Protein chains: 2
Amino acid sequence: MLNEEKKWYEKAGKESDVVISTRVRLARNLADMPFPNRMTPDQKAAVERRVRDAILSGNSAIASDFDFVQMDDLSNEQAVSLVERHIVSPEFIANAKGRGFLISKDECISIMVNEEDHVRIQVLHEGLALSEAAEMADRIDTLLNESLRFAFDSELGYLTQCPTNLGTGMRASVMLHLPALTENGAMSRISTNLSKLGLVIRGTYGEGSNVIGAMYQLSNQITLGLSEKEAVENLQNITMQLISEERKTRASLSKNINVQDKVGRSAGVLKNARLLSCDEYMKLISNVRFGIAEKLLSGITLEDIHTLTVAVQPATMAAAHGSNLSAGQRDILRADEVRKALKALQ
Amino acid sequence: MLNEEKKWYEKAGKESDVVISTRVRLARNLADMPFPNRMTPDQKAAVERRVRDAILSGNSAIASDFDFVQMDDLSNEQAVSLVERHIVSPEFIANAKGRGFLISKDECISIMVNEEDHVRIQVLHEGLALSEAAEMADRIDTLLNESLRFAFDSELGYLTQCPTNLGTGMRASVMLHLPALTENGAMSRISTNLSKLGLVIRGTYGEGSNVIGAMYQLSNQITLGLSEKEAVENLQNITMQLISEERKTRASLSKNINVQDKVGRSAGVLKNARLLSCDEYMKLISNVRFGIAEKLLSGITLEDIHTLTVAVQPATMAAAHGSNLSAGQRDILRADEVRKALKALQ
């Protein structure tokens, strides 16, 4: 993870004015082992060894692209930083002892072992790239299948510890920036409509109506009774509709002087603050991101923004600057980093 | 007033980190006329003619330095703008019909006719310049005395319509920027102490504890029983003490990261807002002025700030841009002017 290769979140993606990233994950379990919550430590170690070998052994075509990371080798901050970068789940690090995961050099593919299921394949992609991510997840699945046998039922599909994942075991999601639909109060209507279509939308930061930074995760809920392809297409179509609605609303809002004022002030504060909490950063950068997408601001790309947002999350900062930072010291360092990163913003 | 000569408020003055400006005014009345509130229109016109001639006639040494302005020739916005620039008093324009005043090309000397008294000589000076301003006021007084006879009583001194001006008829004042003493809550103690010394301090903008922009007017209250020289010296000494106390407090506050943050954010908002009320401008520019004086910010001088502050007052803006501006349009224009003027601020 310490190499110089560009990370997925440092690249520009499709529809990146609205879609930050795409994620597809597959839940799989070995046919000859109990589910993780019923395994002994020895069985867990055996599962880990087998998954690890399937990827890293000499026979694997992608062995050299991956590293295995033992959670025990990481500090607490490094572990939380993995969550902030969406590489592993919060559940995975909550009980990290003895756990490990495989990760590709560009951080776009990760394989958690012994999370809720034996194997959780996850593919992250910048921008909107549902079919690309699904294909890549499928390739990893196929590769693992060459040496591992997954629990599969001809009627139920892939067997998973939690019944909500039964079937395809696939969860596909897109992270959306919806400042305009949030601003004009459309999100609660949209959320209700989406749930009728088998999709769920949640704030990525903050809870309920208090979503911070207008960042949302839109994902499929149904894994049973429809194929991976159908689920991905459904999500793709709805995402395109949301993008279109968001863009239309942005175009109208960006002509409003009050909105222009808010965008300008947000840029001004970020470029000049000496103390900056993560919450305030998320709120202000949302306005700036909107301003860049609507060409009210320039000098900085949306990818610069995303790289910065990853860098200033609390644990990622602690991992980079030392874990004995107080919240106040972190706020000073964050303000310094943000000022430096946004120097060219105008 | 429309010439290109530098106005007093565009120049740097002494102790300008704390003292914006100095003002000395003398109240005088003609011996052979009733006080203004008891004069007929004809008598008012006669007083105006005599004062005007005393300055503008061929015999006057300073005739070519002065203009006479008839208030009837000015729009309402131009009149209010004179008050915002401290050239005439609010009382003077409240009942402006038939009134006029003399003003020097550099706007530093004005002579109001038929305000509360027949003659009000006022000298404005950038920075701390009490003796200079008092001397200049004295010169004008002497000059007027060559052709006019002022009401004077050997016991009471100069006779004025309001008894609070009896004696010297002099009011001297300094406009102070005291952001540090305001921030640390010292102003109410200071105000109490000053009143015991025969001085009064008031917010220049805003009322009571709600002073806007930490701008204060410190002036002498006593005109009877002490000479002009004593009054000026007293005010000068107290001002120097206040300057010293303010500077000490600034030096300590400017090391505080919260204060640095506030200064930075204020600069950021002023440099980027698209809508700016005069109230908000006054609050933010106070922090910026403090930041420049304490070298937390650079690129802009204190004189630039003062020129800008005069330019963005409501009536001055209306006089410059047309009187049919709505408050919202004025806030847009103000934000534009401020962004342009503070471009180099960093």
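Since this is a predicted model, take the numbers as computed values, not measurements. (Residues numbered from 1 in each chain as written. Chains lettered and ligands numbered in written order. Predicted model: local features only at pLDDT ≥ 70, side-chain atom pairs only at ≥ 80, totals over all residues. Heavy atoms only, no water.)

(A) Structural context of the packing of helix α1 (residues 41-56) of chain A against helix α4 (residues 130-145) of chain A. All names here are of chain A. Two elements in contact, α1 and α4, have axes separated by 9 Å at closest approach and are oriented at 110°. As the angle between them shows, α1 and α4 are arranged roughly perpendicular. Across the interface between the two elements, V51, A54 and I55 from α1 touch I140, L143 and L144 from α4. Across the contact of α1 with α4, the residue classes break down as six nonpolar, no polar and no charged. (Axes fitted to C-alpha atoms, helices over the stretch in contact; angles between N-to-C directions. Helix = DSSP H or I, 4+ residues; strand = E, 2+ residues; numbered from the N terminus. Parallel < 35°, antiparallel > 145°, perpendicular 65-115°, else oblique. Contact = heavy atoms within 4.5 Å. Nonpolar A, V, L, I, M, F, W, Y, C, P; charged D, E, K, R; others polar.)

(B) Quick look at helix α11 (residues 314-321) of chain B. Taken together, the buried positions of α11(B) are B:A315, B:T316, B:M317 and B:A318. Looking at the buried positions of α11(B), the neighbouring elements they touch are α2 (76-84), α10 (302-311) and α12 (327-341) of chain B. (Buried < 20%, exposed > 50% of the residue type's maximum accessible area, 1.4 Å probe, protein only.)

(C) Examining the packing of helix α6 (residues 187-196) of chain B against helix α7 (residues 228-253) of chain B more closely. Residue and element names in this part refer to chain B. The interhelical angle for the contact between α6 and α7, taken along N-to-C directions, is 165°, at an axis separation of 13 Å. Overall, the two elements α6 and α7 adopt an arrangement that is roughly antiparallel. For the element pair α6 and α7, the recorded crossing hand is right-handed. From α6, R189, I190 and L194 reach across to α7, where they touch I238, L242 and E245. (Left-handed = near helix turned anticlockwise from the far one by under 90°.)

(D) Quick peek at helix α4 (residues 130-147) of chain B. Look at α4(B): 27 Å from first C-alpha to last across 18 residues, which is about the 26 Å you get at 1.5 Å a residue. Looking only at α4(B), the buried set comprises B:L130, B:A133, B:A134, B:A137, B:I140, B:D141, B:L143 and B:L144. (Expected span 1.5 Å × (residues − 1).)

(E) Molecular detail of the domain arrangement of chain A. All names here are of chain A. Domain assignment breaks chain A into domain 1 (8-249) and domain 2 (257-341). Here the C-alpha centre of domain 2 lies 26 Å away from the C-alpha centre of domain 1. Every contact between the two is made by 24 residues of domain 1 and, on the other side, 20 residues of domain 2. Together, the buried faces of domain 1 and domain 2 total about 1900 Å²; carbon and sulfur atoms form 64% of this surface. Ionic pairing is found between K262 and E183, a salt bridge with its closest N-O pair at 2.8 Å. Every element with two or more residues in the side of domain 1 that touches domain 2 is listed here: α2 (76-84) and α5 (179-183). (Domains from an automatic or database assignment. Buried area = accessible area lost by both parts, 1.4 Å probe. Salt bridge = Lys/Arg side-chain N within 4 Å of Asp/Glu carboxyl O.)

(F) Geometry of the environment of A:L74. Residues and elements named next belong to chain A. Relative to the helices and strands, L74 is located in the loop between β2 (66-70) and α2. C-alpha separation for the pair L74 and A31, spaced 43 residues apart in sequence, amounts to 30 Å. Residue contacts for L74: discarding those within four places in its chain leaves V69, A79 and L82.

(G) Focus on the pattern of salt bridges. Counted by the stated rule, this structure contains 36 salt bridges over all chains. Via salt bridges that share partners, A:E115, A:E116, A:D117 and A:R120 belong to a single interconnected network.

(H) Quick peek at the relation of the copies chain B and chain A. The transform that puts chain B on chain A rotates by 180° and translates by 0.0 Å along the axis, for an RMSD of 0.0 Å. Overall, the copies show the geometry of a two-fold rotation axis. Relative to the rotation axis, the closest C-alpha in chain B is found at B:G268, a distance of 1.9 Å. An overlap of 100% is found between the interface residues of chain B and their copies at the interface of chain A, pointing to a shared contact surface. (Least-squares fit on C-alpha atoms with pLDDT ≥ 70 in both.)

(I) Seen up close, the sheet that holds strand β4 (residues 109-113) of chain B. Residue and element names in this part refer to chain B. Taken in spatial order, the eight strands of this open sheet run β2-β3-β4-β5-β1-β8-β10-β9, and their pairing is antiparallel. Each end of this open sheet is capped by a strand with a single partner; those strands are β2 (66-70) and β9 (199-203). Put simply, the sheet's adjacent strands are angled 20° from each other on average, direction ignored. Across seven bridges, the pairing between strand β1 (residues 19-28) and strand β8 (residues 170-177) is antiparallel. Bridging across to β8, S21 finds its partner in M175. In the packing of α7 onto the sheet, the strands contacted are β1, β8, β9 and β10 (215-220), and the crossing angle to β8 comes to about 10°. (Pairing = 2+ DSSP bridges.)

(J) The arrangement of the interface of chain B and chain A in detail. Listed by partner, the interface residues are 15 residues for chain B and 15 residues for chain A. Buried area between chain B and chain A, summed over both chains or domains, comes out near 1400 Å², and the portion from carbon and sulfur atoms is 61%. Taken together, chain B and chain A are joined by two salt bridges. Residue B:R265 is joined to A:E280 by a salt bridge in which the shortest nitrogen-to-oxygen separation is 2.7 Å. Linking chain B with chain A are eight residue pairs in polar contact (both at pLDDT 80 or more), by the criterion used here. The dominant element in the side of chain B that touches chain A, judged by the number of residues it contributes, is helix α8 (residues 257-272) of chain B, at nine residues. Looking at side-chain class alone, the side of chain B that touches chain A contains six nonpolar, five polar and four charged residues. (Polar contact = N/O pair within 3.5 Å; in protein donor to acceptor, adjacent residues only side chain to side chain.)

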